[in-house]
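Structural overview
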Amino acid sequence: MRDLKEYGYSALLLNLTTSSLNKAQRRWRFAYAAIYSVRAMLSLVKEIVPARIDPKTSDASLSLSYTALESGDGAKINSMPLSYVPDIDQEQLVEIMKGKDLPHIRALGGVEGVAASLRTNATKGIHGNEQEVSRRRDLFGSNTYHKPPPKGLLFFVYEAFKDLTILILLVCATFALGFGIKENGIKEGWYEGGSIFVAVFLVIVVSALSNFRQERQFDKLSKISNNIKVEVLRDSRRQHISIFDVVVGDVVFLKIGDQIPADGLFLDGHSLQVDESSMTGESDHLEVNHKDNPFLFSGTKIVDGFAQMLVVSVGMSTTWGQTMSSINQDSSERTPLQVRLDTLTSTIGKIGLTVAALVLVVLLVRYFTGNTEKEGKREYNGSKTPVDTVVNSVVRIVAAAVTIVVVAIPEGLPLAVTLTLAYSMKRMMSDQAMVRKLSACETMGSATVICTDKTGTLTLNEMKVTKFWLGQESIHEDSTKMISPDVLDLLYQGTGLNTTGSVCVSDSGSTPEFSGSPTEKALLSWTVLNLGMDMESVKQKHEVLRVETFNSAKKRSGVLVRRKSDNTVHVHWKGAAEMVLAMCSHYYTSTGPVDLMDSTAKNRIQAIIQGMAASSLRCIAFAHKVASNDSVLEEDGLTLMGIVGLKDPCRPGVSKAVETCKLAGVTIKMITGDNVFTAKAIAFECGILDHNDKDDEDAVVEGVQFRNYTDEERMQKVDKIRVMARSSPSDKLLMVKCLRLKGHVVAVTGDGTNDAPALKEADIGLSMGIQGTEVAKESSDIVILDDNFASVATVLKWGRCVYNNIQKFIQFQLTVNVAALVINFIAAISAGEVPLTAVQLLWVNLIMDTLGALALATERPTNELLKRKPVGRTEALITNVMWRNLLVQSLYQIALLLILQFKGMSIFNVRKEVKDTLIFNTFVLCQVFNEFNAREMEKKNVFKGLHRNRLFIGIIAITIVLQVIMVEFLKKFADTVRLNGWQWGTCIAIASLSWPIGFFTKFIPVSETPFLSYFKNPRSLIKGSRSPSLKKP
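Now for a quick tour of the structure. (Residues numbered from 1 in each chain as written. Predicted model: local features only at pLDDT ≥ 70, side-chain atom pairs only at ≥ 80, totals over all residues. Heavy atoms only, no water.)

All right, on to the overall build of the chain then. In terms of regular secondary structure, the chain is built from 38 helices and 30 strands. Here the chain, with 1033 residues, has 52% of them falling under the buried criterion. Entry remark: accessible area of the chain is about 48,200 Å², with carbon and sulfur atoms responsible for 57%. (Helix = DSSP H or I, 4+ residues; strand = E, 2+ residues; numbered from the N terminus. Buried < 20%, exposed > 50% of the residue type's maximum accessible area, 1.4 Å probe, protein only. Areas by Shrake-Rupley, 256 points an atom, 1.4 Å probe, with all protein chains shown as cover.)

This is how it looks when you write it as structure tokens:
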């Protein structure tokens, strides 16, 4: 035992009692002394307690300790309390990683030495309790990076102020306010200018709030998409945790397609290659190994092999974290539909500007020529009219003209797109689909072909070994004991060493826990539970020399091992049954002898494989060979050990989802790596193939056939293909290219790293949330969170809903625009005044653009949408049906309001102020009733499903209440007068005629030729009735 003097307690106490120290310094010294004392006492305990701890120690003693760690020299690192202080600090680790400082790592005892310094057990991981994880997070930081703060509400208010028309209106409002107060005093004179200010303020606030809400929605979704699941080793168990919960000292499992979650060092693994292009820009893949390059960097991706990594830097301590913290994700992505709407808005804006300019000129000419009157007197009398009055009148005229521009520009269109996309994205999340790219929402509605994977998408991905053949003998569950011990030992090697999965056996002796892919878990479960394999024992008896990981091109994986007992080297291959069979020249029998595989034996085994495949089983074969050298995995002259059949049942509801897509005019093609018999059986079970396809040779092909077709043959046959078996990712990419060349809008599902090119090439890439690699997810537009094909059908429905909702709003919005423009223009030209004032037009603009967008853009999808044909790639945004509906409604409103403008006073026997209020009230109520018409563009019953859309009903109610307030209580603000009950009833009755007009309008047939094409090519007016579409020369 060492003397206490070594710890310098006397010096420490002397320092504590030094009178020169102030109170704060004394407190710090006492705290230091307390921590130092605890560490000293623990060091004493290490010498008092025997080095070897009984494994049967009680839980009470284990609560103060941690698993002993083996350092590089074999010495034991003793138990560690939770409040440990590591032997290496964060700055050291960061510098090692930044400089790729291999000598420094060697000086610390290699990667194992660094693990020991971090108190990490390389075989058992760190302690998984919350205290331990929190302690490491406090010491080394969390695996998050500082993001630039999101844009606040004031930013969007400022952006809204940049609108030129808003600025002009504010200038006009300022002049109107100034002259009004000067002319009528502050009590009465503020109304007109103040009203415009309030109306403009409301428009700005609503626009800013909508954009702010979209920003928040995008930020929330980006957080969800960045929350990657990572597999780590804690308390000897492999477990999935969030990337944000990874801490320094964690042991992370990496496989092909994974994104590295933090900076770390290579602990163990084989054939690891990393794509560092995201960090360095270099496309060459870098080999990472224990000896020469153990460095793994956050944000890079695994392209081959598998490994275990020791995490040494997280979050802002990594280069990736520092880079990402300086990048602000842009939420202003413009979708194709938004771009088309921008063009439409610009065109309508130009028309509005032209009309406003004409109105401005006409009103100014009429004013200065003395043709306008106010209260029965001429407004302008040359030099007799005060300058203030002239300027005030001119400002009022300019404000009216500018307001026409405001109403004409349908800024509600971008808002409608934003609302419907944000709404659909949120709803799709609850329907198991996470949108990564906004454009995918609308494009999915146009999809004509969906190319889907089989495993996990059409099937449950819950594998179970149901059949086992050893050579030509079927081995049943109760007859496994008949297998020769030598053959059994080779099967243990083939499954226990040639795997990326693992087996965790708890101390309680309960059922072992299996981890890895569903196929690996099924094989390990079968070997451990049915054949009695002890995986830990198998690993200890063998040394793994080389590994070739499974990839979808070769469809097999191999391992080269040395048996320690006799120093012999063995090759094991595992993979697609017919591919492994082609590598074999012999086969084992259950009793042990090896038989030659002649053509007869091979044919019989092939028949066995085909029989299992026809029963929807996935066939995996195992082969073995004693190797002649320890550096190469030999691929011929192997001996077949056995073939297993794995059952993966179809997902419930997948047949219905396939049928739904077919009814929607969408073709489903299954692209799988399984053999042709398994693929065919599953396709019939799911409904992708039916009895009509039984005799069609072109309906089912293999990948090799497809790629060997000539370009002409491929283009000719691609539409007929329903199933492509034994396909590689390059075959999938080739099919997507062919389909797109034929004019199809293609959606593709994918989960592997090699699927990335096809996912990018497709119009809509759909990656799998559970089985999908991070590379696949990054290449996709939408992530299917439950890997279920039924969710793909739901996404299709939502895509159509987005497009349909936007079309509904366009029809509604353009009706308002056309009517308001024409009424104000005709009234200005003929009477020299506009019937709708600046404030009234701004009010119409506000309720129609914002509340209308909210009401129509949030309609939920219906099954009716899936009974229509897909929208073509180049189909007009405003269809002939929409033109018919909006023109009829606009003409009705124009005729009605012009009658009221010119004959309203005599018809209703009212004064001018009441007539103007009747015009304003009727115009707004026409829009309210027309909002119901806009719910259905072709169906005559516009009230179907109305009770399910409470938001729509609420918005209609709010609009009516606000209109009553505007007319009855805000008389001076809105320039209105109170209406009596009879006048209100008349307004409602006239406006409600929109419903029967809308009903009978839908009986009018429409041509298939796009309406606007008649103006581009007048000859199509003659041809339109005969030709369904125009062909470009």
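Let us keep going from here.
Within the element layout of this structure, glycine 257 appears in the loop between β5 (251-254) and β6 (263-275). The exposure class assigned to glycine 257 is buried, which follows from its relative accessible area of 0%. Sequence-wise, glycine 257 and alanine 776 are 519 residues apart; in three dimensions their C-alpha atoms are separated by 7.5 Å. When neighbours within four sequence positions are excluded, glycine 257 is seen to be in contact with Ile302, Thr753, Thr773, Glu774 and Val775. (Contact = heavy atoms within 4.5 Å.)

Taken together, Arg213, Arg216, Lys220, Lys426, Arg427 and Arg860 make up a surface patch of like positive charges. Contributing elements (two or more residues each) for the positive patch: α10 (191-226) and α15 (412-430). Top element by residues in the positive patch is α10. It accounts for three residues. Relative to the elements of secondary structure, lysine 426 occurs in helix α15. Here lysine 426 falls in the exposed class, since its relative accessible area comes to 54%. (Patch = residues over 30% accessible without salt bridge, like charges linked within 9 Å, V, L, I, M, F, W, Y side chains within 5 Å. Salt bridge = Lys/Arg side-chain N within 4 Å of Asp/Glu carboxyl O. Lys, Arg positive; Asp, Glu negative; His and termini not counted. Charge placed at Lys NZ, Arg CZ, Asp CG, Glu CD.)

For strand β25 (residues 667-671), the tally of buried residues reaches four of five residues, placing the bulk of the element in the interior. Relative to β25, strand β13 (residues 449-452) runs parallel, the two being bridged by four bridges. Across the sheet, valine 449 pairs through a bridge with threonine 667, a residue of β25. Bridge analysis of β25 against strand β27 (residues 723-725) gives two bridges, and the strand direction is parallel. Bridging from a neighbouring strand, methionine 670 pairs with valine 723 of β27. (Pairing = 2+ DSSP bridges.)

As enumerated under the stated definition, the model contains 15 aromatic pairs in all. Measuring from centroid to centroid gives 5.4 Å for phenylalanine 932 and tryptophan 995, while their planes differ by 80 degrees, and the two rings are edge-to-face. Note that phenylalanine 932 is positioned in helix α32 (residues 912-934) and tryptophan 995 in helix α36 (residues 994-1001), a separation of 63 residues in sequence. Between the aromatic rings of phenylalanine 999 and phenylalanine 1000, the centroid separation amounts to 5.3 Å while the plane-to-plane angle is 85 degrees, which identifies the pairing as edge-to-face. Taking relative accessible area as the criterion, phenylalanine 999 reaches 34% and is therefore assigned partly exposed. (Phe/Tyr/Trp six-rings, centres within 6.5 Å; stacked < 30°, edge-to-face > 60°.)

With that out of the way, let us pick up unusual backbone geometry. With phi around 60 degrees, arginine 119 is a residue other than glycine that occupies positive phi space. Considering the arrangement of structural elements, one finds arginine 119 in the loop between α6 (110-117) and α7 (130-140). Residues other than glycine seldom take positive phi values, yet serine 271 does so here, at roughly 50 degrees. Relative to the helices and strands, serine 271 resides in strand β6.

Let's shift gears to the environment of asparagine 788. Topologically, asparagine 788 is positioned in the loop between β30 (782-784) and α29 (789-831). By relative accessible area, asparagine 788 is classed as buried at 13%. Sequence-wise, asparagine 788 and glycine 456 are 332 residues apart; in three dimensions their C-alpha atoms are separated by 7.0 Å. In this view, asparagine 788 contacts Gly456, Thr457 and Arg651; residues no more than four positions away in its chain are not counted. Among the polar contacts listed, one links the side chain of asparagine 788 to the backbone nitrogen of alanine 790, at a separation of 3.1 Å. (Polar contact = N/O pair within 3.5 Å; in protein donor to acceptor, adjacent residues only side chain to side chain.)

Applying the stated rule across the entire model yields 32 salt bridges. Here arginine 238 and glutamate 231 are joined by a salt bridge, their closest N and O atoms 3.0 Å apart. Glutamate 231 matches arginine 238 in its accessibility class, with the two residues each being buried. One salt bridge in this structure joins lysine 939 and glutamate 864, with 3.6 Å as the shortest N-O distance. A residue pair is termed long-range when its members are at least 10 positions apart, and lysine 939 in the loop between α32 and α33 (950-968) and glutamate 864 in the loop between α30 (838-856) and α31 (880-908) qualify at 75 residues. Residue class for glutamate 864 comes out partly exposed when judged on its relative accessible area of 27%. Each of Asp453, Lys732 and Asp755 takes part in salt bridges that share partners, so that together they form one network.

Another aspect to go through is the nonpolar core. Core analysis: the largest hydrophobic core is formed by 155 residues, its most contacted members being Ile782, Phe789 and Ile810. The biggest single contributor to this core is α29, with 20 residues. Apart from residues no more than four positions distant in its own chain, isoleucine 782 is found in contact with Met428, Ala433, Met434, Val435, Arg436, Ala440, Ile764, Gly765, Leu766, Ser767 and Val795. Phe140, Val248, Phe253 and Leu265 belong to the second-largest nonpolar core, a separate cluster that totals 41 residues. (Core = buried A, V, L, I, M, F, W, Y, C linked by side-chain atoms within 4.5 Å.)

Going through the model one piece at a time under the given rule, you end up with four cavities of 30 Å³ or more. As for the largest cavity, its lining consists of Gln811, Thr815, Asn885, Leu886, Val888, Gln889, Asn930, Asn933, Gly998, Thr1001 and Lys1002. Mapped by element, the contributors of at least two residues to the lining of the largest cavity are α29, α31, α32 and α36. If one sorts the elements of the lining of the largest cavity by residue count, α31 sits on top with four residues. Looking at side-chain class alone, the lining of the largest cavity contains two nonpolar, eight polar and one charged residues. (1 Å grid on protein atoms, 1.4 Å probe; cavity = no way out; pocket = protein on both sides within 12 Å on 5 of 7 lines; lining within 4 Å. Points joined across faces, edges and corners; volume = space filled by probe spheres on them. Nonpolar A, V, L, I, M, F, W, Y, C, P; charged D, E, K, R; others polar.)

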